[in-house]
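Summary of structural features
What follows is each chain in one-letter form.
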Amino acid sequence: MEEINNIEVVPCTDSDYLKPFRVHYNQNGTKKSWDFMRTHDSVSVLIFNTTSHCFVLVKQFRPAVYMCEWERMKKQPPQAAEKTEEGASETPAPESQEGQSASEGESSSPWPPASAGVTYELCAGLVDKPDLSLEEIARQEVLEECGYDVPASKLKRITSYRSGVGVTGAKQTMFYAEVSDDNCVSTGGGEPREGELIEVVKVPLHEAMTFAYDERIPKTMGVIFSFIWFHNNMSPKYKISTNV
Ligand SMILES: O=c1ccn([C@@H]2O[C@H](COP(=O)(O)OP(=O)(O)O[C@H]3O[C@H](CO)[C@@H](O)[C@H](O)[C@H]3O)[C@@H](O)[C@H]2O)c(=O)[nH]1
Ligand SMILES: [Mg+2]
């Protein structure tokens, strides 16, 4: 699927996306310190297509996930690393950069295949436009990433929560959007100007819970939680309509 090469890891000294800090404080008389990152809050959207009775997810290469997999591979013998990935039916075959040496210097571990960094996620985006409401940002992400044009008023707020409490503490607000094939105006895929390369994937309703708990399919907690939310709150409605 993806072709990832020319990988180079360097220290991050200046970023538009995150800023590391150390906070010193006293807690109940004990002197403590904590390292954290300042990042943007975010929105995510569970999209359900009422025409095909499928959830609409996005699949994309995540460098941070890829680098974690690389670290994990360095600690594990290659056979053992391969074994845990075996059977991930959605995982594409290893690609050309496999076997390429790391350019980090301290180790010559080969890079894992690009598929090791690809995850299934809810359509999501950073809250980086102060003049727009969360609903409006979510609406734009649904359009840019998945190609569905739905009014912001049709987005139902599910809940919000803290993601990465140890590192960022950022807040993510989750919405639910019901769409139909009539709302589909493009193939989505992300904002090309930002270099986004996003694949839109559909998960049929009847496969959703198996998908959610299949550990071989790399995914975010948002996918798992939102499928369970749908199961608890929306399933009776759709069970009736599918059985007619
Ligand atoms: O280091 C970075 C970080 C971001 N980008 C760009 O910024 C865009 C950000 O995309 P956006 O869709 O706004 O955010 P996501 O990357 O989808 O992140 C959201 O979705 C993630 C998965 O749910 C969550 O972990 C995040 O908190 C949430 O903001 C990316 O596509 C890139 O174009 C970079 O180029 N370099
Ligand atoms: Mg996104």
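The text that follows walks through the structure, step by step, so that each part is easy to find.

Basis of the calculations
Residue positions are counted from 1 within each chain, in the order its sequence is given. Ligands are numbered from 1 and chains lettered from A, in the order in which they are written. For this predicted model, a pLDDT threshold of at least 70 governs which residues receive local features, and a threshold of 80 or more governs which side-chain atom pairs are given and counted, while totals over whole chains, interfaces and linings are taken from all residues. Hydrogens are left out, water is left out, and the side-chain values use all remaining heavy atoms of the structure. Ring pairs are drawn from Phe, Tyr and Trp, using the six-membered ring of Trp, whenever the two centres fall within 6.5 Å, and their geometry is named by plane angle: stacked under 30 degrees, edge-to-face over 60, tilted for the rest. Counting from the N terminus, the helices are the DSSP runs of H or I reaching at least four residues and the strands are the DSSP runs of E reaching at least two. Buried residues are those whose accessible area, probed at 1.4 Å on protein chains only, stays under 20% of the maximum for their type, while exposed residues exceed 50% and partly exposed ones sit between those limits. We call two N or O atoms a polar contact when they sit within 3.5 Å, provided that within protein one can donate a hydrogen and the other can accept it, with sequence-adjacent residues counted only if both atoms are side-chain atoms. Note on contacts: a residue pair qualifies if any of its non-hydrogen atoms lie within 4.5 Å across the two residues. Counted as donors are N, O and S atoms no farther than 2.8 Å from the metal, or 3.2 Å for Na, K and Ca; water is not among the atoms, and sites may therefore look incomplete. In these notes, residues near a molecule or strand are those with any non-hydrogen atom within 4 Å of it. The method behind every accessible area is Shrake-Rupley, applied with a 1.4 Å probe, and residues are considered shielded solely by the protein chains displayed. Any residue outside Ala, Val, Leu, Ile, Met, Phe, Trp, Tyr, Cys, Pro, Asp, Glu, Lys and Arg is labelled polar, Gly included; the first ten of those are nonpolar and the last four are charged.

The next point concerns the packing of aromatic side chains. Applying the stated rule across the entire model yields 14 aromatic pairs. When the ring of F55 is compared with that of F227, the centres are 4.4 Å apart and the planes differ by 25°; the resulting orientation is stacked. Of this pair, F55 sits in strand β4 (residues 54-61) while F227 sits in helix α5 (residues 221-233), placing them 172 residues apart in sequence. The class for F55 is buried, based on a relative accessible area of 1%. Ring centres 6.1 Å apart and planes at 20° place the aromatic pair Y66 and W111 in the stacked group. Of the two residues, Y66 is situated in helix α1 (residues 63-75) and W111 in the loop between α2 (78-85) and β5 (118-121); the sequence distance between them amounts to 45 residues.

Its location among the elements puts T119 in strand β5. Relative accessible area serves as the criterion here: at 6%, T119 is assigned to the buried category. Here the side chain of T119 touches E121 through a polar contact of 2.7 Å, side chain to side chain. Sequence-distant contacts of T119, that is, excluding residues within four places in its chain, are made with V58, K59, Q60, R62, V65 and P218.

Before going further, it helps to spend a moment on the coordination of the magnesium ion (ligand 2). Protein coordination of the magnesium ion (ligand 2) is provided by A124 (O) and E145 (OE), with donor distances spanning 2.1 to 2.2 Å. Note that A124 is positioned in strand β6 (residues 123-126) and E145 in helix α3 (residues 134-146), a separation of 21 residues in sequence.

For the rest of this paragraph, the subject is the site of ligand 1. Around ligand 1, a shell composed of Y17, S42, R62, E121, A124, G125, L126, E141, E145, Q172, E194 and E196 is seen. A distance of 2.9 Å is found between an oxygen atom of ligand 1 and a side-chain nitrogen or oxygen belonging to R62. In the model, an oxygen atom of ligand 1 is placed 3.0 Å from a nitrogen or oxygen of the E145 side chain. Considered on its own, ligand 1 offers 710 Å² of accessible surface; in the complex 65% of this is hidden by protein. Residue assignment for the shell around ligand 1 shows that the elements contributing at least two residues are β6 and α3. For the shell around ligand 1, the leading source of residues is β6, giving three residues. The residue makeup of the shell around ligand 1, split by class, is three nonpolar, three polar and six charged.

The values reported here are purely geometric and, on their own, carry no functional implication.
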